[in-house]
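Spelled out from the first residue to the last, the chains are:
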Amino acid sequence: MAIELTDELIELERRAWQEQQHGALTVETANAVQNAITAHAEATGQNRYEVEKELKRVVRHPDPDE
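Predicted model only: the values in this text are computed from it and were never measured.

### Comments concerning the packing of helix 1 (residues 7-21) against helix 3 (residues 48-60)
And then number 1: Packing of helix 1 against helix 3 leaves a shortest axis separation of 10 Å and a crossing angle of 65°. Considered as vectors, helix 1 and helix 3 are oriented roughly perpendicular to each other. Between helix 1 and helix 3 the crossing geometry is right-handed. When helix 1 is examined against helix 3, the residues Leu9, Ile10, Glu13, Arg14, Trp17 and Gln20 are found in contact with a partner set consisting of Val51, Leu55, Lys56, Val58, Val59 and Arg60.
And then number 2: Partitioned by chemical class, the residues of the contact of helix 1 with helix 3 number seven nonpolar, one polar and four charged.

### A short note on the packing of helix 2 (residues 27-44) against helix 3
And then number 1: Running from amino to carboxyl end, helix 2 crosses helix 3 at an angle of 125°, the nearest separation of the two axes being 9 Å. Taken together, the axes of helix 2 and helix 3 lie oblique to each other. As helix 2 packs across helix 3, the resulting crossing turns out to be right-handed. Facing helix 2, whose interface residues are Gln34, Ile37, Thr38, His40 and Ala41, helix 3 presents Arg48, Val51, Glu52 and Leu55.
And then number 2: Here the contact of helix 2 with helix 3 is built from residues that sort into four nonpolar, three polar and two charged.

### Examining the nonpolar core
Among soluble globular proteins, nonpolar side chains are generally buried collectively.
And then number 1: Core analysis: the biggest nonpolar cluster contains eleven residues, these being Leu9, Ile10, Leu12, Ala16, Val33, Ile37, Ala41, Val51, Leu55, Val58 and Val59.
And then number 2: Those elements giving two or more residues to this core turn out to be helix 1, helix 2 and helix 3.
And then number 3: Once you skip the residues sitting within four places of it in the chain, Ala41 turns out to touch Gln46, Asn47, Arg48 and Val51.

### Let's talk about the pattern of salt bridges
And then number 1: Tallied over the full model, the rule gives seven salt bridges.
And then number 2: Close ionic contact of Glu52 with Arg48 constitutes a salt bridge, the shortest N to O distance being 2.7 Å. Taken as a pair, Glu52 and Arg48 lie in helix 3 at a separation of four residues, close to a single helical turn.

### Focus: helix 3
And then number 1: Along its 13 residues, helix 3 runs 18 Å from first to last C-alpha, staying within 8% of the 18 Å computed at 1.5 Å per residue.
And then number 2: Taken residue by residue, helix 3 has Val51, Glu52, Leu55, Val58 and Val59 as its buried positions. The buried residues of helix 3 all sit within an arc of 130° when viewed along its axis, so they share a single face.
And then number 3: In the core, the buried residues of helix 3 are packed alongside helix 1 and helix 2.

Conventions adopted
Residues numbered from 1 in each chain as written. Predicted model: local features only at pLDDT ≥ 70, side-chain atom pairs only at ≥ 80, totals over all residues. Heavy atoms only, no water. Axes fitted to C-alpha atoms, helices over the stretch in contact; angles between N-to-C directions. Helix = DSSP H or I, 4+ residues; strand = E, 2+ residues; numbered from the N terminus. Parallel < 35°, antiparallel > 145°, perpendicular 65-115°, else oblique. Left-handed = near helix turned anticlockwise from the far one by under 90°. Contact = heavy atoms within 4.5 Å. Nonpolar A, V, L, I, M, F, W, Y, C, P; charged D, E, K, R; others polar. Core = buried A, V, L, I, M, F, W, Y, C linked by side-chain atoms within 4.5 Å. Buried < 20%, exposed > 50% of the residue type's maximum accessible area, 1.4 Å probe, protein only. Salt bridge = Lys/Arg side-chain N within 4 Å of Asp/Glu carboxyl O. Expected span 1.5 Å × (residues − 1). Arc of directions from axis to C-beta.

Encoded structure:
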C-alpha cells in the first residue's frame, strides 16, 4: 500500500527541515510536525512510522521525477 501524504504535511516537514538545516529548529515546529504525522496516520489508517518515513524521504531525498 502506498503511503498517502497531504500537501500541508509536506509543507510543514519542509519548514522543519529548513529550520533544522539552519540550526534553528524549535520545539514548537518539531511538535507540530510530530502531531500532524500522528493525526494524519490515525485519520487515514496508515502506520505512523511509515507515514513519517515516507514524509522524510519525500522532503529530504525526493525522486528527480517528483
